[in-house]
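Next come the chains, spelled out residue by residue.
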Amino acid sequence: MSKRLLLSFALVLITGLIYSQNEIPENYFINPLDGELVLAGSFGELRSNHFHSGLDLKTQRRTGLPVYAAAEGSITRIKISHYGYGKAIYVAHPNGYTTVYGHLQKFCPEVEAYIKRAQYKKQSYEIELFPKKGELTIGKGEILAYSGNTGSSGGPHLHFEIRDGNSRPMNPFLFGLNAKDTRKPTINHLRAYPLDAQSTINKGTEAIDVRLTQKADGSYQAENIMAKGSIGFAIGTIDQQDLANNKNGIYAITTSLNGETNFEVKMDKFSFAETRYLNRMIDYGLYKDKRKRVQKLFIERNNPLSIYTQQVDNGILTIEDSLAYQYQIKVKDYAHNEVIINIPISGTSDTISPKNTATDYKDFVYSDQGYNFNEGKFEVYIPKGAFYDDYFLNLKAEGDKLTLHKDVLPVHKNISISYDLSGYNEADRDKLYLGRINYKGDVYYSNTRIKDNKLQINTRTLGEYTIAKDTDPPVVKASNFTKGKWMSKYRYLKFEIKDLASGIKGYRATVNGKFILLEYEPKTKTLTHDFNDNAVTDTKNELKLIVTDNVGNSTTFETTFFRKPSIEK
Ligand SMILES: [Zn+2]
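Calculation rules
- Residues numbered from 1 in each chain as written.
- Predicted model: local features only at pLDDT ≥ 70, side-chain atom pairs only at ≥ 80, totals over all residues.
- Heavy atoms only, no water.
- Buried < 20%, exposed > 50% of the residue type's maximum accessible area, 1.4 Å probe, protein only.
- Helix = DSSP H or I, 4+ residues; strand = E, 2+ residues; numbered from the N terminus.
- Pairing = 2+ DSSP bridges.
- Axes fitted to C-alpha atoms, helices over the stretch in contact; angles between N-to-C directions.
- Core = buried A, V, L, I, M, F, W, Y, C linked by side-chain atoms within 4.5 Å.
- Contact = heavy atoms within 4.5 Å.
- pLDDT = per-residue confidence, 0-100.
- Donors = N, O, S within 2.8 Å, 3.2 Å for Na, K, Ca; no water.

A. Inspection of the pairing of strand β28 (residues 371-375) at higher detail. Of the two faces of β28, the one holding Y371, F373 and E375 is buried and the one holding N372 and N374 is not buried anywhere. Sheet analysis places β28 next to strand β29 (residues 378-382), joined by five bridges and oriented antiparallel. Residue N374 lies in a different strand from β29, and its bridge partner there is E379. The antiparallel hairpin formed by β28 and β29 contains two residues in its connecting segment, where G376 sits at a positive phi of about 55°.

Written out as structure tokens, the structure is:
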């Protein structure tokens, strides 16, 4: 064999090897729940500031269903937090993929004991652990945990994810998992956008909603559009599967102009680094103003999303005078159910008066520049790249209130707001915080730092901000016992904790001076201690619970209860 032949032979071998590593293994992962998959949320579904990174599996409105390891592997990460995925566990599999299970109620006994040891050691409910490979292993189909509703979960369900070797979430359906689906996606909105100052739609320079009629075959026909120049479309669409009516995301959208494909977006995988660019893809202002979520079928600048699989001219159409065009949008779910929308477009030469861009706002920002604004006692720092586009901003301060435009423009990077406290007397200063005023006028605490006589927050949401004061300590109540009670027959100690202004920051309890673990569930405002932890061992127990709020007010709750020492110990 010649050297060159040998080399090419080796190349073929290597290429083959790489290829097989990139191949997605089918039927390697099993359903982590019993029965058929019923979806409360699909992969890539449009959520607030992110794409959904897994499947939300329904659990019959219950908690405590067994969650099985989707394949054999090693537990490499456990994270317990009040928000986010709540109680979550990560299993690394020998083939390089990792599965993630979130919003759990509890873990299998071995893992539960492992976590409790760490929580008692750290004296904290919130914890993140990275067991060494091989330290905690699990077999395919073995019970890993029990489903729950912990963290930022709107109801009982299992959040299930598959991540590749680069920690990118992938569509679990690519691995052969599936949910019964014979229903076509539903189209609920179509919108057309003139994309530069010279372009028009129906003689106007503003985006318009396009009327749709559904035909007998299920396809949609749009009203004829007159257009000139560069235009693009956005669509609002959802998909429902057979076993539940939850409104989930679709899988792919393809568009064509006069029969030539010019754009395709597909939810196979993405990375966490890009997920916030969802706000660039949707019509953010429309969503905030009208609660209608549409996704653009064209790609604007500062949009690096990797989910676009085909594009010609970034999906932007150039409409010329007197020509007729057929634009078609195809929306698909993963089960290949498909909906077609036909949109006839006629090119016009209408000249219009130039777009009226006059505005009362004096502050203009270019996306590729950083800015520092001083408004009254407020200082606003907008870093380069905070915005995707260039905008006029409405920035103004009136006393303790700052108007930072309105939440209709997406923000990608943190904007810093600081407020000069020198006008306040020293005694009041440490009870102050910065908060965002919501549409109802309520003030929501923002994570506030006090430094150099200034309050400072970082935010990625425009809107109104104000200085607020919290002098009220948290309210603490025992929920299932009163002072002097015998608790021998009880499994749990329960408390209710509340802080109306700045919110709960921390909590810590001891019994006879010894730390006891409490689980905090912000949704129900409850703290729970499990006597099965065996942390309470005496008959007479002096309990002390300290709860603090975000500006440092604290409440100390003290009581006594009795308990027969359990026999196990
Ligand atoms: Zn989820």
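B. Representation of the sheet that holds strand β44 (residues 526-530) within the structure. With antiparallel pairing, four strands are arranged side by side in an open sheet as β39-β40-β44-β43. Two strands in the sheet have a free side with no partner beyond their single neighbour: β39 (475-478) and β43 (519-521). The mean inter-strand angle of the sheet, taken between neighbouring strand axes irrespective of direction, is 25°. Relative to β44, strand β40 (residues 492-498) is paired through five bridges, and the arrangement is antiparallel. For E496, the partnering residue across the bridge sits in β44 and is T526.

C. Quick peek at the nonpolar core. One finds I78, Y101, F233, I329, I343, I345 and L545 to be the most contacted residues of the largest nonpolar core, which totals 110 residues. Broken down by element, the residue count for this core peaks at five residues, all from strand β19 (residues 225-238). Residues in contact with I343, not counting those within four places in the same chain, are L190, A222, I225, F233, Y325, Q326, Y327 and I329. One finds L395, L404, L455 and I457 within the second-largest nonpolar core, a separate group that totals 27 residues.

D. Fine view of the confidence of the model for the protein chain. Scored by pLDDT, the protein chain comes out at a mean of 93, with 94% of its residues at no less than 70. Scored below 50 in pLDDT, residues 1-21 shows one contact in the model against residues more than four places distant or in partner chains.

E. Representation of the coordination of the zinc ion. Looking at the zinc ion, one finds its protein donor set to be H52 (NE2), D56 (OD) and H159 (ND1), positioned 2.0 to 2.1 Å from the metal centre. Residue H52 is classed as buried on the basis of its relative accessible area, which comes to 3%.

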